[in-house]
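The primary structure of each chain is shown beneath.
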Amino acid sequence: MLGPAIAWYLVVGSAIFAIGAAGVMLRRNPLIMLLSLELMLNGANLVLIAFARRHGSLDGQVFALAVMAVAAAEVVVGLGLVVAMARRKIEIDVDLLSRLRK
Amino acid sequence: MIAVGAWVCLLAPLGAALAIALGGNRLPRRAAGYLATGSTVLSFAAAVTALIATLGHSASQRQTVTTAFGLIETHAFRINLNLLVDPLALVMMLVISGVGSLIVAYSIGYMKGESEERRYFAYIAFFAFSMLLLVEAANFFVLLVGWGLVGLSSYLLIGFWQERPSAIAAAKKAFIINAVGDAAMALALFLLIQHAHTLDFGGVFGQAAVLGENAWLINLVAAGLLVGALAKSAQIPLHTWLPDAMEGPTPVSALIHAATMVTAGVYLIVRAHPLFEQAPHVQQTAAGLGAATLLATGAIALVQTDIKRVIAYSTMSQIGYMFLAAGIGAYGAAMFHLVTHAFFKALLFLAAGVVIHALGGEQDMRKMGGLRRRMPRTYVAMLIGTGALVGLPPLAGFFSKDAILATAVSNGVYGKVLFAAAIAGVLLTALYSFRLLFLVFSGEESELVKKSLPKRKRAEGPRWMTAPVAVLTLLAIGGGWMQVAGLWHPFSSFLEGVAPSFAAEPSVSREWLLSAVSLVVPLGGIWIAWAIYSARTQQAPRAPRALVEKLYFDRAYDLLFYRPAVSLAHRLGSWFEQPVIERSGEEIGTSTLLGGRFAAAIQSGLARTYVLLVAAGVSILVLLFLVLR
Amino acid sequence: MSAGNILVWIVWFAAAAGCIGSALAVVALRNALFSALALIGNLVSLAVFYLLLSAEFVAAAQVLIYAGAVMVMFLFVIAYVGWNLDIAWTGGPSWQTLGGVVAAAALLAELVVVIVLGAANDLKHSNKIAVNFGDPASIGRVFLSNHLLAFEVISIVLLVAAIGGVILGAQRRRERTGGIR
């Protein structure tokens, strides 16, 4: 195989995942949170594809496609929520939506 | 046949106790009494059947063991629920069920109108069962079970009148002192299990010689059994509970604390005689303690003012005689005295009960007097009982006590010392028992008597009470004729197979000489008592402080055991229990609240926090996996 | 080091820089619109990686569907909701910020350690692959044979998401018409 070994791809994938995780934990804007969530999923995808190449098996790629589909579905629901909130003039700040506590 | 008799004898009273307990309020009161009496009579009939069947066997074949089921079964060790019917057991069974049925019948009259009558009869039937279990046991384990149940019944019956704090205290005292004895016995049994690998009488006694080679072992085992016997039979130094036990109803005092339970210690020594014979020092100690008890309690009886306490001290004194006999190996004599003592001591208690009942519950002798004319039949019964106690021929006690005295004097230096104590005891017995008789029955009628008994009427007790007294009177007269020294001794030969006496037999002439001596001494005592108490010609000497204080035993135990225990309990309470246990209960509550508040802080409601926690958890887990790989 | 190799390395570094840089941008920027655009950049860089890893179909799908459809939807919503909103960058309890950074860093560190450790033996070489590795026909074959169940379940998930989207978007009659009843 030409280029860097599989390990390099894995490191990049982990980095993208970690950055996405930090974004989810730190940002208060729900839209940015959803974007960070997408980052995490993409990081995992990269790792999957890399391993598929390593083992020469297509299962990893199939799994990555499934992840993409699920991510799309999840984004639909998440954005639907944000739009519904905005329409009802609710403040879209995740920290203010602490109804779970009460 | 024998087996059936043994089981019926044992279980009949238990059945009555259960029936009364389960019947409860639905059972009529009289029925409880009849049930209990009927069951003990049935028990007696079964015991007689077993006796006749056993006599049918030849002398060497008189042991029958019957098994119910296994209790503990391991590969190294087993205990079954076994009953043993042999001459020794039969003697005890007959005494317990025979005298017991008379006393239970007496109770029907004595306890009439009592608010808790049924409970009484349930308890007393249960006691009969426990005592029979004790004597019919074929191994030490069942014996110990019976021992403990008897202690329990005694506790329940002493404290029968629960409203009286003195009764409750007396019951506790009896139980605690008996617990000391039980613990010592249990330790002895543990040693037996460890070294003999069995608790069956046959197995243990068969190995007695082998066990005897280990001096420490056999002495510890015998000492443990002796301590148990001392506690149960109220001998020095574990005797302080018996006088207090007079708080219970008089029939209870008669049955448990005169005729049967307190004789269990003697039974134990005679039953386990192979073990004691291997530990001669312990056996001699038993004789010595018996002698000490008979002297000390005889002296204390002289200054008692309560009629039942005098008889209680007299019981301890007489059991001292039995311990003396068993201690020097005269088992036949010890058991003979046990039987005759059961007769006349029960008679004394029951007659005293008639007096107490007639005087409305009064037990202080100083308030009595002149009852001879008012209760002549009771007077005659009491007179015969006292005569038997003192040992006047031809009444029962004469033959049995003489046998003990004669054997003592024929057995070496130690025996002669014991004899001296025993003769002094005879003098004391005559003194205190006739003192009682004169104080209660002679002289002018006291105020109380005039108030309690209607004029010009003979006020004996109800029929249920007088009939057993009459029967016991006859037994006190004729009971001793079972064994007349030198002429015929069916009693000792009956027991010979089980408990062969090893004491040197006195010669016939020596016996008759001693009989003469032991006639003169009590007559002298009676004369002194008559002089002081009857005619009231001389002022009774003032009671020495030491005797009134019961030789300071109670005081000593109070200082040695009770006070330190209470103060230790208080100190533990304030140093340990309060700060550690109670406080920690509080602390647990407080810290749980704090923990809850802290945990609640985690529930911030912020979704990002939850994600953080998940991420943190995952990273920790991964770290663990990395490290542990 | 052949010329092809060097070329691959250069492309790899470029794509890596693009990935990581855009990822940081997504997380750090205040303006949601720019964050979404940064994510598009990230997706495209990832597609380059996929090409380097012989996953042609997935790369195409990534660009077409992910960057093309999903991100466009995102941009629509951002446009509707607004991108200059007055929302704090971060907040919450003081330990949240620090904790978040630490946790993410810890995860990254652990993953790197594992990879480096694994690089000793398991990741050293890659299997040889066939020429048609990663092309649509092969993926289709795998989907419809080994992973048929996953295939069907994904379609159901998408259906559910679509229904959910419709429900979330539906308005109550009263709101809309303002009290015709």
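Residues numbered from 1 in each chain as written. Chains lettered and ligands numbered in written order. Predicted model: local features only at pLDDT ≥ 70, side-chain atom pairs only at ≥ 80, totals over all residues.

Caption draft 1: Structural view of the packing of helix 12 (residues 264–271) of chain B against helix 15 (residues 307–327) of chain B. Residues and elements named next belong to chain B. At their nearest, the axes of helix 12 and helix 15 sit 10 Å apart, and the two run at 5° to each other. The pairing of helix 12 with helix 15 is recorded here as roughly parallel in orientation. Across the interface between the two elements, Val266, Ile269 and Val270 from helix 12 touch Ile319, Met322, Phe323 and Ala326 from helix 15. Taken together, the residues that form the contact of helix 12 with helix 15 break down as 7 nonpolar, no polar and no charged. (Axes fitted to C-alpha atoms, helices over the stretch in contact; angles between N-to-C directions. Helix = DSSP H or I, 4+ residues; strand = E, 2+ residues; numbered from the N terminus. Parallel < 35°, antiparallel > 145°, perpendicular 65-115°, else oblique. Contact = placed C-beta atoms within 7 Å. Nonpolar A, V, L, I, M, F, W, Y, C, P; charged D, E, K, R; others polar.)

Caption draft 2: Region of interest: the confidence of the model for chain C. Residues and elements named next belong to chain C. Residues of chain C with pLDDT of at least 70 account for 92%, and the chain-wide mean is 86. The least confident element of chain C is helix 7 (residues 173–177), whose mean pLDDT is 52; the most confident is helix 2 (residues 32–52), at 95. The complex prediction reports pTM at 0.66, with the ipTM value standing at 0.90. (pLDDT = per-residue confidence, 0-100.)

Caption draft 3: A look at the interface of chain A and chain C. Between chain A and chain C, the contact holds 64 residues from the first and 74 residues from the second. At the level of elements, helix 1 (6–26), helix 2 (30–55) and helix 3 (59–87) of chain A are the ones that each hand at least two residues to the side of chain A that touches chain C. Broken down by element, the side of chain A that touches chain C gets its largest block of residues, 20 residues, from helix 3 of chain A. Along the lines of polarity and charge, the residues of the side of chain A that touches chain C split into 46 nonpolar, 11 polar and 7 charged.

Caption draft 4: Spatial organisation of the interface of chain B and chain C. Taken together, the 12 residues of chain B in the interface contact 12 residues of chain C. Grouping the amino acids of the side of chain B that touches chain C by side-chain chemistry returns 8 nonpolar, 3 polar and 1 charged.

Caption draft 5: Spatial organisation of unusual backbone geometry. Residues and elements named next belong to chain B. Along the chain, Ile236 connects to Pro237 via a cis peptide bond; the corresponding omega equals 0°. You can see Pro237 is positioned in the loop between helix 9 (215–232) and helix 10 (241–244). Note the cis peptide between Pro393 and Pro394, where omega equals -5°. Within the secondary structure, Pro394 is located in the loop between helix 18 (376–390) and helix 19 (396–409). Even without being a glycine, His197 presents a positive backbone phi close to 60°. Secondary-structure assignment places His197 in the loop between helix 6 (165–196) and helix 7 (201–206). For His197, a count of 13 C-beta atoms within 10 Å gives the class partly exposed. (Buried ≥ 20, exposed ≤ 12 C-beta atoms within 10 Å, placed from the backbone.)

Caption draft 6: View of the pairing of strand 1 (residues 64–73) of chain B. Residue and element names in this part refer to chain B. Taken across its 10 residues, strand 1 has 1 buried, putting it largely on the surface. Strand direction decides the pairing type here: strand 1 and strand 2 (residues 78–85), joined by 7 bridges, are antiparallel. When the sheet's bridge partners are listed, Glu73 is paired in strand 2 with Arg78. Taken together, strand 1 and the strand that follows it, strand 2, pair antiparallel across an intervening segment of 4 residues. (Pairing = 2+ DSSP bridges.)

Caption draft 7: Quick look at the nonpolar core. Residues and elements named next belong to chain B. Within the largest apolar cluster, 212 residues are counted, with the highest numbers of intra-cluster contacts made by Ala125, Leu324, Ala334, Ala346, Leu347, Leu350 and Ala422. Residue contributions to this core peak at 21 residues, all from helix 16 (residues 331–358). Structurally, this core is a two-domain feature, drawing no fewer than three residues from each of domain 1 (1–138) and domain 2 (150–541). (Core = buried A, V, L, I, M, F, W, Y, C linked by C-beta atoms within 7 Å. Domains from an automatic or database assignment.)

Caption draft 8: Representation of helix 6 of chain B. Its 32 residues give helix 6 of chain B an end-to-end C-alpha distance of 45 Å, which sits within 8% of 46 Å, the value for a rise of 1.5 Å per residue. Looking one or two residues past helix 6 of chain B, His197(B) carries a phi angle of roughly 60°, positive in sign. (Expected span 1.5 Å × (residues − 1).)

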